[in-house]
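Chain and residue survey
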Amino acid sequence: MNRKHGTPGQRDGIGLPDPIRLKRGAADEAVPYLLDAGFKTALVVADETTAGVIGRRLAERLGEAGGTAGLAVILPNAAGDVVADEASVMQAIVEAQRVRPDVLVAAGSGTIHDIVRYACYTIGLPFVSVPTAPSVDGFTSKGAPLLLRGEKITLPAAAPIAVFADLDVLCAAPQALIAAGFGDMLGKYTSLFDWVYGRETAGEPYDEETAAMTRSALAACVSHAEAISRGTEEGVRALMQALIESGLAMLRFGQSHPASGAEHHISHYWEMAFLRAGRRQVLHGAKVGVACAEVADLYQRYAAEGKPLPGACRRMLADLPDGDWLRGLLRAVGGPASAAELGVEPELRERALREAHHVRPNRHTLLRTINDNPNI
Ligand SMILES: [Zn+2]
């Protein structure tokens, strides 16, 4: 294998994917890239839907261009969802052992990426990202949120070595997936707050440049809300750009702090509850957007009651949009805006607000303080 391109970590110590292409027709550039980089044999990993969108085409094109490609179609669970759990990761690993590829290609949405990034980390192979929807910010991150025996855990994994985000593909994604990506971005309002809160109250590691990157990605995304709601090329490009930048911020920082706070913990809590009940899954970003609005309301009530807060956090909360404004935006882009619209019953909604901080015992969110100190 003669590789011209660096593996993650070689170029700058952080392991940023190179290249990151976001344009019409970008998927077609993946095949020449693979061959040029010396990857003769690839395993394309997709689900049934994304295999039809781009996975089969990538495998065929690689074959036509003189390479060899296998296609692994990850199977759904008993409820009918493709999830990033031990069974899916194992399926990808077994297919890779059969095909013996030089590289894997994640051709799909966030779940396929999480399966591939952990499989690649485990078997020591690089992977290339070909996202099929602007639905999450995790494409470029190196942490894999996985379900292990029904519990949501985040494990160290591999970041892609290159990203080919094809606007022709992304613009054709269902609006629900576009709205979910928007919801995942809105979640940065509360994740950025919780990150500062953790720094101020528990000395959690913090990096201002990374926070600024995430803030500007969020602002750019929100300023394109109207175009995103219409699913125009301009809107989808702005959303995907923001999602990629948020992912790169996580990669830069090395942990998910910039992009994941109490709103993500609530989303994970709901996801595990649905899984235990054998219910169909709801899109990650849809849950995050709704949870962000819930958390914003909770935090602002806390501040309004004059409860203790570090000065930096009080100032941030003053600038934080309220839940109704966030719900209005979610609705405008065509996503669910309330727990009820997600199918989350009042009891589960309340329980998540009380217990979701247990999902990440190492994070000091304001949600944790509120729940650990009922008397303040
Ligand atoms: Zn997320």
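Just so we're clear, the structure is a prediction, and the values are computed from it rather than from any experiment. (Residues numbered from 1 in each chain as written. Predicted model: local features only at pLDDT ≥ 70, side-chain atom pairs only at ≥ 80, totals over all residues. Heavy atoms only, no water.)

1. Some thoughts on the coordination of the zinc ion
At the metal site, the zinc ion is ligated by D184 (OD), H264 (NE2) and H284 (NE2), and these contacts range over 2.1 to 2.2 Å. Ordering the donors of the zinc ion by residue number gives the pattern D-x79-H-x19-H. Residue D184 is found in helix α6 (residues 175–186), and its partner H264 is found in helix α11 (residues 262–276); the two are separated by 80 residues along the sequence. There is no split in this pair, since D184 and H264 are both buried. (Donors = N, O, S within 2.8 Å, 3.2 Å for Na, K, Ca; no water. Helix = DSSP H or I, 4+ residues; strand = E, 2+ residues; numbered from the N terminus. Buried < 20%, exposed > 50% of the residue type's maximum accessible area, 1.4 Å probe, protein only.)

2. A look at the side chain of S260
If you trace the backbone, S260 turns up in the loop between α10 (233–253) and α11. Not counting residues within four places of it along the chain, the set of residues in contact with S260 comprises S191, H265 and R363. (Contact = heavy atoms within 4.5 Å.)

3. Digging into the sheet that holds strand β5 (residues 127–131)
Strands sit in the order β1-β8-β5-β4-β2-β3 across an open sheet of six strands; the sheet is parallel. In this open sheet, the two edge strands, each paired with only one partner strand, are β1 (20–23) and β3 (68–73). Strand after strand, the sheet turns through a mean of 15° between neighbouring axes, direction not considered. Sitting on the sheet, helix α3 (residues 86–99) is in contact with β2 (41–46), β3 and β4 (103–108), with an inclination near 155° to β2. (Pairing = 2+ DSSP bridges. Axes fitted to C-alpha atoms, helices over the stretch in contact; angles between N-to-C directions.)

4. With respect to α11
Look at α11: 21 Å from first C-alpha to last across 15 residues, which is about the 21 Å you get at 1.5 Å a residue. In terms of burial, α11 is a largely internal element, 13 of the 15 residues being buried. Of the residues one or two after α11, G278 is the one with positive phi, at around 70°. (Expected span 1.5 Å × (residues − 1).)

5. Comments concerning the environment of A159
Relative to the helices and strands, A159 resides in the loop between β7 (151–156) and β8 (162–166). Relative accessible area serves as the criterion here: at 7%, A159 is assigned to the buried category. In the structure, A159 is positioned 20 residues away from F139 in sequence and 7.9 Å away in space, judged by C-alpha atoms.

6. Considerations on the nonpolar core
Counting residues in each nonpolar core, the largest one holds 73 residues, and the members touching the most others are F182, I266, W270, Y299 and L309. Considering every element that reaches this core, the biggest residue donor is helix α12 (residues 284–304), with 11 residues. Apart from residues lying up to four places away in sequence, L309 is in contact with F193, Y197, Y302, A303, R314, L317 and L366. Membership of the second largest hydrophobic core comes to 25 residues, among which are A30, A46, V105 and I161. (Core = buried A, V, L, I, M, F, W, Y, C linked by side-chain atoms within 4.5 Å.)

7. Side note on the confidence of the model for the protein
For the protein, mean pLDDT is 94; residues scoring 70 or higher make up 96% of the total. Here residues 1–12 is modelled with pLDDT under 50, and outside its nearest four sequence neighbours on either side it reaches 24 contacts, counting other chains as well. (pLDDT = per-residue confidence, 0-100.)

8. Quick notes on the pairing of β3
Regular strands show a simple pattern: their side chains alternate between the two faces of the sheet. Note: β2 against β3, six bridges, orientation parallel. Paired with V44 across the bridge in β3 is L71. For the crossover that starts at β2, traverses helix α2 (residues 48–64) and ends in the parallel β3, the hand is right-handed. (Right-handed = clockwise from strand over helix to strand, strands pointing away.)

9. Describing the environment of Y189
If you trace the backbone, Y189 turns up in helix α7 (residues 188–202). Y189 gets classed as buried once you look at its relative accessible area, which sits at 19%. Between the alpha carbons of Y189 and Y299 there is a distance of 12 Å; along the sequence they are 110 residues apart. In this structure Y189 touches L218, V222, C292, L320, P321, W325 and L326, once residues within four positions along its chain are discounted.

10. Topic: α2
A bend of about 50° at I54 is the largest found in α2. Those residues of α2 that sit buried are T50, A51, I54, G55, L58, A59 and L62. Looking at the buried positions of α2, the neighbouring elements they touch are α1 (30–36), β2, β3, β4, β5 and α5 (167–171). For α2, the N-terminal cap is D47; the gap from its side-chain oxygen to the backbone nitrogen of T49 is 3.0 Å. Positioned one or two residues after α2, G66 has a phi angle of 105°, which is positive. (Bend = angle between axes of the 7 residues up to and from the residue. Polar contact = N/O pair within 3.5 Å; in protein donor to acceptor, adjacent residues only side chain to side chain.)

11. Description of unusual backbone geometry
A negative phi angle characterises most non-glycine residues, just as the trans form characterises most peptide bonds. In this chain, D18 is followed by P19 through a cis amide linkage whose omega measures 5°. Looking at the element boundaries, P19 is found in the segment before β1. Backbone geometry at R100 places phi at a positive 50°, although glycine is not the residue there. The topology assignment puts R100 in the loop between α3 and β4. Overall, the relative accessible area of 68% leaves R100 in the exposed class. Located in the positive-phi region is R149, a residue other than glycine, with phi close to 50°.

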